[in-house]
Amino acid sequence: APVSGSKVPAAMGQLIFLCGGSKDVFDEVEGGALKAMGKASHFLGEVGYGTRAKLVVNSLMGTMVAAFSESLSLSESVGLDPVKMIEVIGQGAIQSPVYALKGPKMVKGDHAPNFPLKHAHKDMKLACDMAREAGAEFAVTEKAEEVFLAAMEDGELNVADEDFSAVFERVKKESKTE
């Protein structure tokens, strides 16, 4: 089954299982194997629905990090301390564990891979394709996918194998700072 979570949640038994297929099989393994490896298991329907859910989750996460990258870069461009802005963001209604975890590393240029940018881009591209096929509006994520693609293809930055938060490096490169 597809999972939501990377290296650290996997090591801590905190994965989220996104399951599709036979409900009877899901019911058999949910309380045993899945519970031992994860904090939650969700039955989403027929075969393939777990993958659909993973693409929705990962495309949202990528879009969030692309927008967060722009906000941090804007902070730097107008003379604000991005570390202080991460603190401010973390105290308000838009706080997110993704921002709290990735933000401090992003501003330090630490993109040690937990979820490589090239894999995040692949999922975002597949989600955009899925949205097109479904006739769903997905313009914001499509734009974020383009930013990820530009980061991945930027030979000077060479961040395709780095963490997906390295999209920040492309956003900074394209931004003017004070």
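None of the values given here were measured: they were computed from a predicted structure.

Novice: Explain the overall build of the protein to me, and be specific about the residues and the numbers.
Specialist: The number of helices and strands found in the protein is 8 helices and 3 strands. Overall, the protein shows an N-to-C arrangement of helices and strands of β-α-β-α-β-α-α-α-α-α-α. In terms of C-alpha radius of gyration, the protein reaches 18 Å, essentially the compact-globule figure of 16 Å for 178 residues. If you line up the protein on its principal axes, its C-alpha atoms span 60 × 35 × 30 Å. Within the protein, contacts between residues at least 6 apart in sequence are counted, and of these 64% link residues at least 24 apart. Put simply, the protein has 19 plus and 26 minus side-chain charges, and the middle of one group is 3 Å from the middle of the other.

Novice: Before we move on, can you summarise the pairing of strand β2 (residues 15-19) with the specific residues and values?
Specialist: Consecutive side chains along a regular strand alternate between the two faces of the sheet. Across the 5 residues of β2, 4 count as buried, placing the element largely inside the fold. Bridge count for strand β1 (residues 3-4) against β2 is 2 bridges, and the pairing is antiparallel. Each bridged residue has a counterpart across the sheet, and for S4 the counterpart in β2 is I16. With respect to chirality, the unit in which β2 leads through helix α2 (residues 23-37) into the neighbouring parallel strand β3 (residues 38-43) is right-handed.

Novice: Mind laying out the pairing of β3, listing which residues take part and the relevant values?
Specialist: Of the strand pairs in this sheet, β2 and β3 are connected by 5 bridges, and their pairing is parallel. When the sheet's bridge partners are listed, I16 is paired in β3 with A40.

Novice: Just give me the short version of the nonpolar core, but keep the residues and values in it.
Specialist: Residues F68, L72, L117, F148 and V167 are the most contacted members of the largest nonpolar core, which totals 24 residues. Ignoring anything within four residues of it in the chain, the contact list for V167 reads V65, A66, S69, L117, V147, F148 and A151. Counting 6 residues, the second-largest nonpolar core is a separate cluster that includes V3, L15, F26 and L34.

Thresholds applied
The numbering scheme is per chain: residues are counted from 1 as the chain's sequence reads. The model is predicted, so local features are restricted to residues of pLDDT at least 70 and side-chain atom pairs to those at 80 or more, both for listing and for counting; the totals for chains, interfaces and linings are taken over all residues. As a rule here, side-chain values cover all heavy atoms of the structure and leave hydrogens and water aside. Numbering of helices and strands starts at the N terminus; helices are DSSP runs of H or I of at least 4 residues and strands are runs of E of at least 2. Only the C-alpha atoms count toward the radius of gyration. The rule for a globule is 2.2 Å times the residue count to the power 0.38. Residues count as neighbours in contact if any of their non-hydrogen atoms are within 4.5 Å of one another. Think of it this way: Lys and Arg go in the positive column, Asp and Glu in the negative one, and His and the chain ends go nowhere. Note that the charge is assigned to NZ on lysines, CZ on arginines, CG on aspartates and CD on glutamates. Burial classes follow relative accessibility: with a 1.4 Å probe on protein chains only, a residue under 20% of its type's maximum area counts as buried, one over 50% as exposed, and anything between as partly exposed. Here, a strand pair is defined by DSSP locating no fewer than two bridges between the strands. Handedness of a crossover: with both strands directed away from the viewer, a clockwise path from the first strand across the helix to the second marks it as right-handed. Residue types Ala, Val, Leu, Ile, Met, Phe, Trp, Tyr and Cys, when buried and joined through side-chain atoms within 4.5 Å, form a set referred to as a nonpolar core.

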